[in-house]
Amino acid sequence: MSTEPDKVTRESEIAMKRLEPEDALAAAARASAVRQERLAFPPIYVVVGAYRLLSDDKLYIPTWAKCKHGFLRGAVVGLGWAALSFNIQLKFVEIFLRNSPRVTGLAHDSMFGYQLPFTVTTYATLLLLSNQLTVILRFFLSKNMRIARDRAWQHTERSRGKGPEFWGPYVEEYAVPPRVEGWRWERWVGGYFGRFIITRVILFPLSFYPFVGIAVGAYLKAIGTARHLHRRYFEAKKMTSDQIAVFMEERKLAYRSFGFAAALLEGLPIIGLLFSISNRVGAAMWAHDLEKRQHAFASGELKPMTPISSADIELKSTAMAGTWQNGDRKTI
């Protein structure tokens, strides 16, 4: 029997083994490029988090198993409440908005001069009712939702094949770190009590108007929400309060944009409950990419970044965003 087929097979195997390192390098380069694109636009991580939660069985199966019974009970109660109270609430909203057009630019069938396919009072009633349904669902889901949110980080770590050893000590990425001012206020706003006051008290009158309350609330909660979502990241790296403040100040625009997107989605009625879990997944994905960058600085692959000019050192922390550049432009 001819040995020619065996010879061809061996040569093919040798050729494949030679290509494997090249393929691995190409795959690493592609992964690095994708990571750089994500880091350049942090709000994309809320989309990444939602996608992974809905597509990764290591995430959606345990999350749904934890929340499904409370969701079904809350949905039944909420739909019953909506059917019984809709007409009453519609009358209440009509009275509330009766004298508002001159102040807000709203009319019964238009908003700021634009025609609507339905009356503003109907929309406001549906929005008010959807907020009430969200409260009802949250009541039935409260305990299991907290557990699901807390475990979302662990499930994301497991799906990425990472453990506690992946998170290394904090490494300063800037040769001259920015000075931090006003951190206590932003920290208070990001806490539970601060978020409750803003959402339930300050922004309550705006909740009747389309999109206004959600957008304003998301802006006010942006930094606090981002800090809260990265709490597990800071704990994993055993960072001090000062290190957290400096780390976030160096990436203030990134944290503000990510926090705004996350708070905006979490502020949506009903579906915001889902985003409150997926945003934890997105925050973990962002933390993974940030940690890869920290590893590069720790190993010396990347060098500490410096201000564009020495005068920038004297700028206030709020003016320092965007004034840093990296002398070593390696991708990671």
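Starting from 1, residues in each chain are numbered consecutively following that chain's sequence as written. Under the rules for a predicted model, residues below a pLDDT of 70 receive no local features and side-chain atom pairs below 80 are neither given nor counted, while totals for whole chains, interfaces and linings still include all residues. Hydrogens and waters are ignored; side-chain quantities use all the structure's heavy atoms.

**Description of the overall build of the chain**
Here is step 1: Comment: elements are numbered from the N terminus, with helices defined as DSSP H or I runs of at least four residues and strands as E runs of at least two. A count of helical and extended segments in the chain gives 12 helices and 4 strands.
Here is step 2: Here the chain holds 332 residues, and the buried ones make up 42% of them.
Here is step 3: Note that accessible areas follow from Shrake-Rupley with a 1.4 Å probe, and for residues the cover is restricted to the protein chains shown. Per element, the accessible surface of the chain, about 19,000 Å² overall, is 63% carbon and sulfur. Between buried and exposed lies partly exposed: a residue is buried under 20% and exposed over 50% of the maximum accessible area for its type, with that area taken using a 1.4 Å probe on protein chains only.

**Describing the pattern of salt bridges**
Here is step 1: By definition here, a salt bridge exists when the distance from a side-chain nitrogen of Lys or Arg to a carboxyl oxygen of Asp or Glu is within 4 Å. Counted by the stated rule, this structure contains 10 salt bridges.
Here is step 2: The closest approach of N and O atoms between Glu173 and Arg293, which form a salt bridge, is 3.4 Å. On the criterion of sequence distance, the pair formed by Glu173 in the loop between helix H5 (120–159) and helix H6 (183–190) and Arg293 in helix H12 (residues 271–299) is long-range, its members being 120 residues apart.
Here is step 3: In this structure Arg293 comes out as buried when scored by relative accessible area, which is 16%.
Here is step 4: What you see here is one network of salt bridges that share partners, running through Glu173, Glu250, Arg251 and Arg293.

**Re the packing of aromatic side chains**
Here is step 1: Note on aromatic contacts: the rings of Phe and Tyr and the six-membered ring of Trp form a pair at centre separations within 6.5 Å, being stacked when their planes are under 30 degrees apart, edge-to-face when over 60 apart, and tilted otherwise. Tallied over the entire structure, the rule returns 13 aromatic pairs.
Here is step 2: For the ring pair Tyr170 and Phe247, a centre distance of 6.1 Å and an interplane angle of 75° mean the geometry is edge-to-face. A residue pair is termed long-range when its members are at least 10 positions apart, and Tyr170 in the loop between H5 and H6 and Phe247 in helix H10 (residues 241–250) qualify at 77 residues.
Here is step 3: Judged by relative accessible area, which is 0%, Phe247 ranks as buried.
Here is step 4: Relative to Phe234, the ring of Tyr233 has its centre 5.9 Å away and its plane inclined at 40°; by these criteria the two rings are tilted.
Here is step 5: Judged by relative accessible area, which is 0%, Tyr233 ranks as buried.
Here is step 6: Here a set of aromatic residues connected by ring pairs shows up, and it is made of Tyr45, Trp153, Phe166, Trp167, Tyr170, Tyr233, Phe234, Phe247, Tyr255, Phe258 and Trp286.
Here is step 7: The positively charged end of Arg251 is found above the aromatic ring belonging to Phe247, 3.8 Å away from the centroid. Lysine NZ or arginine CZ positioned within 6 Å of the ring centre and within 35 degrees of the ring normal marks a charge as sitting over the ring.

**Some details on the confidence of the model for the chain**
Here is step 1: Looking at the chain, the pLDDT average stands at 78 and 67% of residues meet or exceed 70.
Here is step 2: A score between 0 and 100, pLDDT records how confident the predictor is in each residue. Here strand S4 (residues 324–325) stands out as the element of the chain with the lowest mean pLDDT, 44, in contrast to helix H2 (residues 44–55), whose mean of 95 is the highest.

**Remarks on unusual backbone geometry**
Keep in mind that most residues, glycine aside, have a negative phi and that most peptide bonds are trans.
Here is step 1: The backbone phi angle of Lys238 is positive, close to 55°, even though this residue is not glycine.
Here is step 2: One can find Lys238 in the loop between helix H9 (231–236) and H10.
Here is step 3: Given a relative accessible area of 70%, Lys238 falls into the exposed group.
Here is step 4: The phi dihedral of Ile270 falls on the positive side, at around 65°, and the residue is not glycine.
Here is step 5: Relative to the helices and strands, Ile270 resides in the loop between helix H11 (252–266) and H12.

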